[in-house]
Amino acid sequence: NIPGFTGLSGYLHTSSSAGSIELLSDNNFSLHLPKVYHDALLFDEIEARVSWSMLNNRLLITAEDMLFAMTGDKGEFGARFHINSKTRKEDAPSHMALHIGVSGSHSSQLFKLLPYTMNRNAQNWIAQSDFDGKIIDGGFVYHGSLAKEEKDKRSVQMYLNLADAKFNFHPQWAPVSKVDGLLMLAGSDVEMSVYAGEFEKLLMSNAQVLVQGAGKDAAVDINSQLAGGLGDVFNILQTSPLKSRLEKTMGDWRATGELHDAVLRLHVPLTKGDVNQSEVDFSTVITASDIEMSNIGLTVKDLSGPIAYSSSKGLVSEQLEGRLWDKPISVVLGNYQDDPHLQNGNSVRVDGAFNVETEHLYHWLKQPALAMAAGSAAMSLRIDHSSVDTVLTASSDLVGVEFQLPESLYKAKEASAPFALNWRMAVAHQPMSLSIANYANMQLNFDRYKLTGGAIDVGSHSSSKTIKSNVEAQLTISGHLPTFNLTEWLSIFDKYEQAASNLKLKVVADTQDS
């Protein structure tokens, strides 16, 4: 526990109870203060006067106006300290006051000067952060006991004016890099004002980072303005500890487009095992953005409007305007007014209102029956994503759509025929229910969005109640028609078979006259 040094040169003045040493060296030397640092400190040069004395069985060591340079660093350091050390086991613990100032250095050098008796949580965060940056100027202050058991009798403060810094606020989140800002440490808490920085490919500005390092509430809180791309936000969420919440909903979504007025609030627990309880609150305005929902085969383009994501509410927007299949669409995200119990960070609800051409529905739903329809109609669409299922519902009066069927089922464009669709995309056989009033009811099955079979009931008496569930690889068509022209229906049947041929289905027809 006795201080020591190697390689020093200077002038020594000593007596039986006091003394001093004037140090002036430009050669490599080391200094070891075992009550303060585990390892010896390495210096290239030093200029200092260190004095000591014995008073009431206490060893007093004081240094004022120390100037020194650390080995391998061009920075300039200044320091002063006072140590009041016990010399007998029964005496009161040793204590120290240490002040260090630095300019033009590197963070790794200053961290070497942090005493091992400082708050353990703060030490752990600094160690795991892999902090790396240039120090324009900074300072460190330690006051208090050097006894390990007297944690509540010491205080630590530090500030660093940083440039081009990089750190990990949590090992499972992406690092923050190219940081210009001010870091302040007080006790177990670290606070940063980030003037500029990068979070992955997002540009940070006017950010506040608070690391609360003590107890069960230890956490990192980040509040920042952001600039960059919407796709970069999706990528951060999809690769973060939140990915387990999103993998069945937004896990494979992609996006393009720039952020405007973007704000991020992030809360990440530091307690072991609690990182999955991270909380995110993000909001922005997007323009000319595309969102590709790969898991349901839809891409909405040229989206503009406000959009937000939070770990408690999921993806939310009161109104987005965009284009789907080259037609205007109005999109609402996260509208759970009718069933608020379904809203959480693991679910996504998309509501859309647009005019759709039947050709696009045919290619998207891969439903051969739609090959017999032509035209376009206004449609309301809802997609509900959750961790257990993805459900698509759609409705329309089909005004503007012609059914190119024999006379008994023919529909003119101007006629109304209520249409309803319900498709469970994330359960076995991906069952779809589709009804067109007075025309047909369908119960269909899919495998990875490819039609595998089902049953269709046609005619004015058709009903979903009359259709038998069928999961075999065949499509059964049945129904009741007032008249039946075999030639006309064979032509429709051929057309349907042609539309289904790419799916390699076995189509079974059961026709009945009444």
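See the structure printed just above.
What you see is a predicted model, and the numbers here were worked out from it, not measured in a lab.

Asker: Which residues make up the pairing of strand β15 (residues 254–269), and what values go with them?
Answerer: Sheet faces and side chains relate simply in a regular strand, where the side chains alternate between the two faces. Pairing between strand β14 (residues 219–227) and β15: eight bridges, direction antiparallel. Bridge pairing links Q225 to V263 in β15. As paired elements, β15 and strand β16 (residues 279–293) share eleven bridges and run antiparallel to each other. Paired with V263 across the strands is S283, a residue of β16.

Asker: Could you give an account of the environment of K112, naming the residues involved and the relevant values?
Answerer: Along the chain, the position of K112 falls in helix α1 (residues 107–112). Along the sequence, K112 and A40 sit 72 residues apart, while their C-alpha atoms lie 9.7 Å from each other. Non-local contacts of K112, meaning those with residues more than four positions away in its chain, are made with Y37, L41 and M70.

Asker: Before we move on, could you go through the packing of aromatic side chains and cite the residues and values that matter?
Answerer: Scanning all chains against the criterion turns up ten aromatic pairs. Seen from their ring centres, F131 and F167 are 5.4 Å apart, and the 5 degrees between their planes marks the pair as stacked. Of this pair, F131 sits in the loop between α2 (120–128) and β9 (132–145) while F167 sits in strand β10 (residues 154–167), and the two are 36 residues apart along the sequence. As far as the burial class goes, F131 and F167 line up, both buried. Note on F169 and W173: the rings are 6.2 Å apart at their centroids and 35 degrees apart in plane angle, and the pair reads as tilted.

Asker: How would you sum up unusual backbone geometry? Please name residues and give values.
Answerer: A positive phi angle, close to 50 degrees, is found at D130, a residue other than glycine. Looking at where D130 falls in the secondary structure, it is placed in the loop between α2 and β9. Residues other than glycine seldom take positive phi values, yet A288 does so here, at roughly 50 degrees. Residue classification places A288 among the exposed positions, given a relative accessible area of 54%.

Asker: Give a description of the pattern of salt bridges that names residues and reports values.
Answerer: Per the stated rule, a full pass over the model turns up nine salt bridges. Here E150 makes a salt bridge to K153, at a shortest N to O gap of 3.8 Å. When its relative accessible area of 17% is taken as the criterion, E150 is described as buried. Note that D384 is salt-bridged to R349, the shortest N-O span being 2.7 Å. Residue D384 is found in strand β21 (residues 373–385), and its partner R349 is found in strand β20 (residues 348–357); the two are separated by 35 residues along the sequence. Take D384 and R349: they sit in the same class, and that class is buried. Salt bridges here are not isolated pairs; linked through shared partners, they connect R88, E90 and D91.

Asker: Describe helix α6 (residues 486–500), and please don't skip the residues or the numbers.
Answerer: Between its first and last C-alpha atoms α6 spans 20 Å; for 15 residues at 1.5 Å apiece the expected length is 21 Å, and the two agree. All of the buried residues in α6 are W489, I492, Y496, A499 and A500. Burial along α6 is one-sided: seen end-on, the buried residues are contained in an arc of 95 degrees. Across from the buried face of α6, at angles greater than 90 degrees, the exposed residues are L486, T487 and Q498. Buried residues along α6 sit against α5 (358–365), β27 (450–458) and β28 (474–479).

Asker: Provide a residue-level description of the side chain of H385, including the pertinent values.
Answerer: Inspection of the secondary structure puts H385 in strand β21. Given the relative accessible area of 2%, H385 is considered buried. Among the polar contacts listed, one links the side chain of H385 to the side chain of T390, at a separation of 3.1 Å.

Asker: Could you give an account of the layout of surface pockets, naming the residues involved and the relevant values?
Answerer: Taken as a whole, the largest pocket encloses approximately 670 Å³ of empty space. As for the largest pocket, its lining consists of 41 residues, of which L405, V458, I477, W489 and I492 are closest to the centre. Elements with a contribution of two residues or more to the lining of the largest pocket: α5, β21, β23 (401–403), β25 (432–436), β26 (440–447), β27, β28 and α6. Taken as a whole, the second largest pocket holds about 480 Å³ of empty space.

About the cut-offs
Residues numbered from 1 in each chain as written. Predicted model: local features only at pLDDT ≥ 70, side-chain atom pairs only at ≥ 80, totals over all residues. Heavy atoms only, no water. Pairing = 2+ DSSP bridges. Helix = DSSP H or I, 4+ residues; strand = E, 2+ residues; numbered from the N terminus. Contact = heavy atoms within 4.5 Å. Phe/Tyr/Trp six-rings, centres within 6.5 Å; stacked < 30°, edge-to-face > 60°. Buried < 20%, exposed > 50% of the residue type's maximum accessible area, 1.4 Å probe, protein only. Salt bridge = Lys/Arg side-chain N within 4 Å of Asp/Glu carboxyl O. Expected span 1.5 Å × (residues − 1). Arc of directions from axis to C-beta. Polar contact = N/O pair within 3.5 Å; in protein donor to acceptor, adjacent residues only side chain to side chain. 1 Å grid on protein atoms, 1.4 Å probe; cavity = no way out; pocket = protein on both sides within 12 Å on 5 of 7 lines; lining within 4 Å. Points joined across faces, edges and corners; volume = space filled by probe spheres on them.

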